[in-house]
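A look at the structure
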Amino acid sequence: MQAGRTGAVAALAGALALSAFTAPTARAADTGITVSRVVVNGGKPIVVGTTEVKRPSVTFRITLPPGQNTADYASYDAEPFLYHGTTPAKGADSGGLQMGIYTCYEKSDLIADCEGSLYIDPYYRLDSNNDATTWKIGFVGRLFEKDYHLVAEDYGTASGGVPIRRYAKATVNAAPEPVAKGKPVTVTGTLKRADWAKHAYTGVADASVRLQFRPRGTSSYTTVKTVRSSSTGALKATVTATLDGDWRWNFGGWSTTGGAVSSGDYVDVSGAGGLVREMHKRPR
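The structure contained in this document is the topic of the report that follows. (Residues numbered from 1 in each chain as written. Predicted model: local features only at pLDDT ≥ 70, side-chain atom pairs only at ≥ 80, totals over all residues. Heavy atoms only, no water.)

Core analysis: the biggest nonpolar cluster contains 32 residues, and Phe60 and Ile62 have the highest contact counts within it. Those elements that provide at least two residues to this core are β4 (34–40), β5 (46–48), β6 (57–63), β7 (75–83), β8 (99–106), β9 (111–118), β10 (134–144) and β11 (150–166). By residue number, the principal contributor to this core is β10, which donates four residues. Not counting the four nearest positions on each side in its chain, phenylalanine 60 is found in contact with Val35, Ser36, Arg37, Val38, Ala78, Pro80, Met99, Tyr102, Ala112, Asp113 and Cys114. Membership of the second largest hydrophobic core comes to 24 residues, among which are Ala207, Leu211, Ala241 and Trp247. (Core = buried A, V, L, I, M, F, W, Y, C linked by side-chain atoms within 4.5 Å. Buried < 20%, exposed > 50% of the residue type's maximum accessible area, 1.4 Å probe, protein only. Helix = DSSP H or I, 4+ residues; strand = E, 2+ residues; numbered from the N terminus. Contact = heavy atoms within 4.5 Å.)

Attention shifts here to the pattern of salt bridges. Scanning the entire structure with this criterion turns up six salt bridges. Among the salt bridges present, the one from glutamate 79 reaches arginine 142, with a minimum N-O distance of 3.9 Å. Of this pair, glutamate 79 sits in strand β7 while arginine 142 sits in strand β10; the two residues are 63 residues apart in sequence, bridging distant segments of the chain. Side by side, glutamate 79 and arginine 142 carry an identical accessibility label, which is buried. Two residues, aspartate 206 and arginine 228, come together in a salt bridge whose shortest N-O distance is 2.8 Å. Of this pair, aspartate 206 sits in the loop between β15 (200–203) and β16 (208–215) while arginine 228 sits in strand β17 (residues 222–228), placing them 22 residues apart in sequence. When salt bridges that share partners are traced, they join Asp77, Glu79, Arg142 and Glu153 into one network. (Salt bridge = Lys/Arg side-chain N within 4 Å of Asp/Glu carboxyl O.)

Now for the state of the cysteines. Going through the model one piece at a time under the given rule, you end up with one disulfide. Through a disulfide, cysteine 104 is tied to cysteine 114; the S-S separation comes to 2.0 Å. Around the S-S axis, the bridge from cysteine 104 to cysteine 114 shows a dihedral of about 105° and counts as right-handed. Linking cysteine 104 in strand β8 with cysteine 114 in strand β9, this pair joins segments that are 10 residues apart in sequence. Residue cysteine 104 is classed as buried on the basis of its relative accessible area of 0%. On the basis of relative accessibility, which here comes to 4%, the residue cysteine 114 falls in the buried class. (Disulfide = S-S within 2.5 Å.)

Encoded structure:
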């Protein structure tokens, strides 16, 4: 590897929703290469839907063992990936989440710092909802002779893991609009999440979801009540109209599922302290 040289020139199909991680140094037994300082997605969880390709950022360091340097080989390389099961080699080649394009810059004869991104296509690599879990961290290290023949290729592992979560989304509708002050307002909606087996969004059952309100002219929402979603992901609550403002649903998420916040639905309350009335949803 030379300074500034691209390590992987093509994005590999397959990846999963990752959550960010920082991994300690790991070692590939025969090549002697170590990989350290691995950070994915800036330390944040990775949440994946049903169709959108995700490219979370990755930074890491490659270190050659003492006694070797770039003059000994035409090139060297190491590539992190995520995998299931007990064998990292299987994870890299069969269903693992791999790097897309990345570039490495030599800091010394033994060290190169790399930056790039993972390539996560949920349609091709996330085929089970059981994939919403913590993935293990591995890497493949490679050494090449001066004629660019492969000298060694070994797989290593690192401690720690990467949580991957299913993307969730919520909708809201508050009615009637407008409504007289003191009368009931019914707020409905749905909570759905990515189903990687069906490649569609399906209802989230028995989830605790907060109904929140923001009075007109303010910037903060306050939780009014908490309800549980139905078996199909339906949400419903009835409240008393007092002020003009926006209603929304807020789901905090689970270890396997990302959080979801609906847009706000504005309700005009006639007789609510002389506030300006609107006969339509407030622009967002």
